[in-house]
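Reading the structure
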Amino acid sequence: MIGTQIGNVLKKVTRVLSRMSTRQAVVRTKDYKLHGLNEGPNTCATLGRHDALKYYHQMQAIRYMENRIESITNNIVHLCIGQEACCVGVQAGLKVNDTIIGTYRNHGWSYVRGTPARTIVAEILGRKTGSCGGRGGSKHCIGPNFYAIQTAIVGAQVPVGAGFAFAMKYSACRDDISTVILGDGAANQGQIGRASCRERV
């Protein structure tokens, strides 16, 4: 039912956006301050209409899914309302085999990695059709190459992400990327500094 409702909302949005005459948008950013790098990322990006619609659809689907989750459950859930663009933007730059390691507020990340909204909602409601068979709840909405690490330790996902990166480096997956998602509250944790120092070795 939720999948159908999301589909109906997105069809309406698509009809409105498809009337737009612009085929692409060019976005320019300021020059980056570099430290230890010879050259930084490109400061000019072009976004085509097809990709713009895709990203907008994903952001709307995440917001609608989370609003519905909030309205149908009395359980403790950590929603990522307001962070939809983070999920969609990071995912747009990743390949299928790249990994994302997160903690709380992970429903949107699971969705952009390919888990259907129906499966995410089923997991939160404790149903067998959920991504962890209904046993993990809101904190364990995993997806393809998306891992939700839930511990009482703030910033514990960073060393895990560094471990994924080491595994990729020493295996045949040398071009894959390990991405770790954390908030500013975790930025001053000691394990983050240690993991970043270890990663340089």
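How each quantity is defined
Residues take numbers from 1 onward in each chain, read along the sequence in its written order. Whole-chain, interface and lining totals are the exception, using all residues; otherwise, since this is a predicted model, local features are given only for residues with pLDDT of at least 70 and side-chain atom pairs are given and counted only at 80 or more. Side-chain metrics rest on all non-hydrogen atoms present in the structure, leaving aside hydrogens and water. Note on method: axes are straight lines fitted to C-alpha atoms, helices fitted across the in-contact stretch only, with angles between N-to-C directions ranging 0 to 180 degrees. Think of it this way: any DSSP run of H or I at least four residues long counts as a helix, any run of E at least two long counts as a strand, and we number them from the N terminus. The labels follow the angle: roughly parallel below 35 degrees, roughly antiparallel above 145, roughly perpendicular from 65 to 115, and oblique for the rest. Should the near helix be turned counterclockwise from the far one by less than a right angle, the crossing is left-handed, whereas a clockwise turn marks it as right-handed. Contact criterion: two residues are considered in contact whenever any of their non-hydrogen atoms come within 4.5 Å of each other. Salt bridge criterion: a side-chain nitrogen from Lys or Arg within 4 Å of a carboxyl oxygen from Asp or Glu. Each residue is assigned to one of three classes by its accessible area relative to the maximum for its type, calculated with a 1.4 Å probe on protein chains only: buried under 20%, partly exposed between the two thresholds, exposed over 50%.

Quick look at the packing of helix α2 (residues 49-72) against helix α5 (residues 117-124)
At a minimum axis separation of 11 Å, α2 and α5 run at an interaxial angle of 25°. Taken together, α2 and α5 sit at an angle that is classed as roughly parallel. Like other packed secondary-structure pairs, α2 and α5 cross with a definite hand, here right-handed. Here α2 contributes Met65, Ile69 and Ile72 to the contact with α5, which in turn contributes Ala117, Ile120, Val121 and Ile124.

Observations regarding the pattern of salt bridges
All chains considered together, the criterion is met by two salt bridges. Between arginine 63 and glutamate 84 there is a salt bridge whose closest N-O contact spans 2.6 Å. Note that arginine 63 is positioned in helix α2 and glutamate 84 in helix α3 (residues 84-92), a separation of 21 residues in sequence. The class of glutamate 84 is buried, set by a relative accessible area of 6%. Among the salt bridges present, the one from lysine 95 reaches aspartate 98, with a minimum N-O distance of 3.4 Å. What makes aspartate 98 buried here is its relative accessible area of 0%.

Focus on α5
Note that an α-helix has 3.6 residues per turn; residues three or four places apart therefore point the same way. Burial analysis of α5 places seven of its eight residues in the buried class, which makes it a mostly covered element. What α5 keeps buried is the set Ala117, Thr119, Ile120, Val121, Ala122, Glu123 and Ile124. Trailing α5 by a residue or two, glycine 126 shows a phi angle of about 80°, which is positive.

Looking at the environment of asparagine 145
With respect to the secondary-structure elements, asparagine 145 resides in the loop between α5 and β4 (146-148). Taking the C-alpha atoms as reference points, asparagine 145 and serine 110, 35 residues apart in sequence, are found 9.0 Å from one another. Sequence-distant contacts of asparagine 145, that is, excluding residues within four places in its chain, are made with Val96, Asn97, Asp98, Thr99, Ile100 and Arg113.

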